[in-house]
Amino acid sequence: MRLDQTDQQLINHFQRHLPVCERPYLEMSRQLGISEQEVIERLQSLQSHDVVGRVGPVFEHSQAGASLLAAVAAPEEQMDLVAARINRAPGVNHNYAREHTYNLWFVMTAPDYELLEEHLDELEQELKLPMLRLPMVEGYHIDLGFDIDWEALS
Amino acid sequence: MSQLISADRLALDAATSTSAWGLLRLRQQLEQGLPLVPRPYLALAERTGLSEQEVINAITQWQNDGLIKRFGLVVKHRTLGYTANAMVVWNIPDEQIQALGKAMADVPFITLCYQRPRRLPDWPYNLFCMIHGTNRERVLTQLDSLIADHSLQHIQHSVLFSNKAYRQRGGRYVNHD
């Protein structure tokens, strides 16, 4: 998908501070100098092209519930299979292949830690692979969205 | 008289539980994203049994409380062209970790920075930072400058580029079953 300047502005301005009022897209449209309908259509298009995952909140996981980064060391030729099994486990919201002996990295979430540990225990038993459990001890920089370097992308 | 009190009590409990349930439903709905209609908060109100104003108040409150850390477009960087995503992990002496964690968090190209426990002997690393870049060379150049700027030459580290995303979506903390 080719993003024009208005799409870029939409992304630049609204990774944070989306208006919380009766007509948020109208409010945004005024700032961008386009119509409310166009804001909605552009957001629909960005979402359908998977440029924007969703419009909405990013919850602070230490307050929202339990969340944990885990990694497994999967045999190279079974990575897709193991990744699919991980995705079937409850609450997995990120799952990446990375270049390391521990080659599948995923984040699991649950309403509380007890349930989270239970789900991880089940997954570990099913996979029979070495698993690292790496809860966050402290966050120095949390996700606030970041400034897109449009020039580097073009 | 006592009957009246208990009737009031019941009505109050019913109201409280409806709104608690409504708020839980609201979180569930929000985790899936804001509806793209002119009055999205009204649409959420209709799905949760709350009023539009209650939805707006709850979201505002959650932002003030820090339960919601940001509210807006959640960009998929990989689709945009940020295809080189490196998780750089460091084995930092415990007494230095806080200072270094804070220093790294201020580096513009570092998008996340967390302390996590070591898992010896397999995993000696206790500080994680994420660098999102448009290509591998650029990320490695940024890493070199980070090492030089913060005198990290003697710190054991490892760079884990991601070569595939099997899933990337928002957290779901509320049960959706």
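As the structure is a prediction and not an experimental result, all values here were calculated from the model.

### Structural notes on unusual backbone geometry
Excluding glycine, residues mostly have negative phi values, and the peptide bonds linking residues are mostly trans.
Consideration 1: For the bond from Leu120 of chain B to Pro121 of chain B, the omega torsion is 5 degrees, close enough to zero to count as cis.
Consideration 2: Among the secondary structure elements, Pro121 of chain B is positioned in the loop between strand S3 (110–115) and strand S4 (127–133).
Consideration 3: With a phi close to 60 degrees, His17 of chain A is a non-glycine residue in the positive phi region.
Consideration 4: Inspection of the secondary structure assignment puts His17 of chain A in the loop between helix H1 (5–13) and helix H2 (24–32).
Consideration 5: Given 11 C-beta atoms within 10 Å, His17 of chain A falls into the exposed group.
Consideration 6: Backbone geometry places Ser151 of chain B, a non-glycine residue, at a positive phi of 50 degrees.
Consideration 7: Since 8 C-beta atoms lie within 10 Å of it, Ser151 of chain B is described here as exposed.

### Brief notes about the nonpolar core
Consideration 1: Ranked by size, the top nonpolar core spans 30 residues in total, and within it Val52 and Val55 of chain A together with Leu26, Val55, Ile59 and Leu73 of chain B carry the most contacts.
Consideration 2: Looking at this core, the elements with two or more residues in it are H1, H2, helix H3 (36–48) and strand S1 (52–59) of chain A together with helix H1 (2–31), helix H2 (40–48), helix H3 (52–65) and strand S1 (68–75) of chain B.
Consideration 3: In this structure, Val52 of chain A is in contact with Leu43, Leu46 and Gln47 of chain A together with Leu73, Val74, Val75 and Lys76 of chain B, ignoring residues within four places of it in sequence.
Consideration 4: Of all hydrophobic cores here, the second largest spans 22 residues; its members include Ala66, Val82 and Ala97 of chain A together with Tyr166 of chain B.

### Quick look at the packing of H2 of chain A against H3 of chain A
Residue and element names in this part refer to chain A.
Consideration 1: It is at 8 Å that the axes of H2 and H3 come closest, and there the two elements cross at 100 degrees. By the criterion of interaxial angle, the relationship of H2 to H3 is roughly perpendicular. Across the interface between the two elements, Tyr25, Leu26, Met28, Ser29 and Leu32 from H2 touch Glu36, Glu38, Val39 and Ile40 from H3.
Consideration 2: Of the residues assigned to the contact of H2 with H3, the class counts are six nonpolar, one polar and two charged.

### Considerations on the interface of chain A and chain B
Consideration 1: With 64 residues of chain A in contact, the opposing surface of chain B contributes 61 residues.
Consideration 2: Examining the composition of the side of chain A that touches chain B, we find that eight residues originate from one element, S1 of chain A, more than from any other.
Consideration 3: Across the side of chain A that touches chain B, the residue classes break down as 34 nonpolar, 19 polar and 11 charged.
Consideration 4: In this structure, strand S3 (residues 92–98) of chain A lies alongside strand S5 (residues 157–168) of chain B, joined through five bridges in antiparallel fashion. In the sheet register, His94 of chain A faces S5 of chain B, and the bridge partner there is Gln168 of chain B.

### Things to note about the UniProt feature "domain: Siroheme decarboxylase AsnC-like ligand binding" (unreviewed entry) in chain A
Consideration 1: Those places that UniProt annotates as "domain: Siroheme decarboxylase AsnC-like ligand binding" (unreviewed entry) correspond, in this numbering, to residues 66–133 of chain A.
Consideration 2: As annotated, residues 66–133 of chain A has a helix share of 37% and a strand share of 35%, and its two end C-alpha atoms lie 13 Å apart.

### Digging into the UniProt feature "domain: Siroheme decarboxylase NirL-like HTH" (unreviewed entry) in chain A
Consideration 1: Cross-referencing UniProt, the feature "domain: Siroheme decarboxylase NirL-like HTH" (unreviewed entry) maps to residues 7–51 of chain A in the present numbering.
Consideration 2: With 64% helix and 0% strand, residues 7–51 of chain A has its two end C-alpha atoms placed 10 Å apart.

### Let's talk about the domain arrangement of chain A
Consideration 1: Each assigned domain of chain A is listed here: domain 1 (5–48) and domain 2 (61–134).
Consideration 2: Centre-to-centre separation of domain 1 of chain A and domain 2 of chain A, based on C-alpha positions: 35 Å.

### With respect to the UniProt feature "domain: Siroheme decarboxylase AsnC-like ligand binding" (unreviewed entry) in chain B
Consideration 1: Taking the numbering used here, the UniProt-annotated feature "domain: Siroheme decarboxylase AsnC-like ligand binding" (unreviewed entry) corresponds to residues 80–166 of chain B.
Consideration 2: Between the end C-alpha atoms of residues 80–166 of chain B the distance is 17 Å, and the span holds 28% helix and 34% strand.

### A closer look at H3 of chain A
Residue and element names in this part refer to chain A.
Consideration 1: Over its 13 residues, H3 extends 18 Å from the first C-alpha to the last, a length consistent with the 18 Å expected when each residue adds 1.5 Å.
Consideration 2: Those residues of H3 that sit buried are Val39, Arg42, Leu43 and Leu46. What you see down the axis of H3 is that its buried residues fit within an arc of 100 degrees, all on one side. H3 presents Gln37, Gln44 and Ser48 as exposed residues on the side facing more than 90 degrees away from its buried surface.
Consideration 3: Check the buried side of H3 and you find it contacts H1, H2 and S1.

### So, the UniProt feature "domain: Siroheme decarboxylase NirL-like HTH" (unreviewed entry) in chain B
Consideration 1: Feature annotation in UniProt assigns "domain: Siroheme decarboxylase NirL-like HTH" (unreviewed entry) to the following positions: residues 30–68 of chain B.
Consideration 2: Summarising residues 30–68 of chain B: 64% helix, 3% strand, and an end-to-end C-alpha distance of 11 Å.

The rules behind these values
Chains are numbered independently. Their residues run from 1 in the order of the written sequence. Both sets of labels track the order of writing: A upward for chains, 1 upward for ligands. Under the rules for a predicted model, residues below a pLDDT of 70 receive no local features and side-chain atom pairs below 80 are neither given nor counted, while totals for whole chains, interfaces and linings still include all residues. By the criteria applied, helices consist of DSSP H or I runs no shorter than four residues and strands consist of E runs no shorter than two, each listed in order from the N terminus. Residue burial is a threshold on neighbouring C-beta atoms within 10 Å of the residue's own C-beta, all placed from the backbone, with 20 or more meaning buried, 12 or fewer meaning exposed, and counts in between meaning partly exposed. Nonpolar cores are built from buried Ala, Val, Leu, Ile, Met, Phe, Trp, Tyr and Cys residues. These are joined into a set through C-beta atoms within 7 Å. The contact criterion used here is simple: two residues whose C-beta atoms, placed from the backbone, lie within 7 Å are in contact. Helix axes use the C-alpha atoms of the stretch in contact, all axes being lines fitted to C-alpha atoms, and the angles between their N-to-C directions lie in the range 0 to 180 degrees. For classification purposes, angles smaller than 35 degrees are called roughly parallel, those larger than 145 roughly antiparallel, those between 65 and 115 roughly perpendicular, and all remaining angles oblique. Only Asp, Glu, Lys and Arg are considered charged, only Ala, Val, Leu, Ile, Met, Phe, Trp, Tyr, Cys and Pro nonpolar, and every remaining residue, Gly among them, polar. Two strands qualify as a pair provided DSSP detects at least 2 bridges between them. UniProt positions are given in the numbering used here, feature names are shortened, and annotations may be inferred rather than shown by experiment. Note that domain bounds follow an automatic or database assignment of domains. Helix span, as expected, comes to 1.5 Å for every residue beyond the first. The arc in question is the one spanned by the directions pointing from the helix axis to the C-beta atoms.

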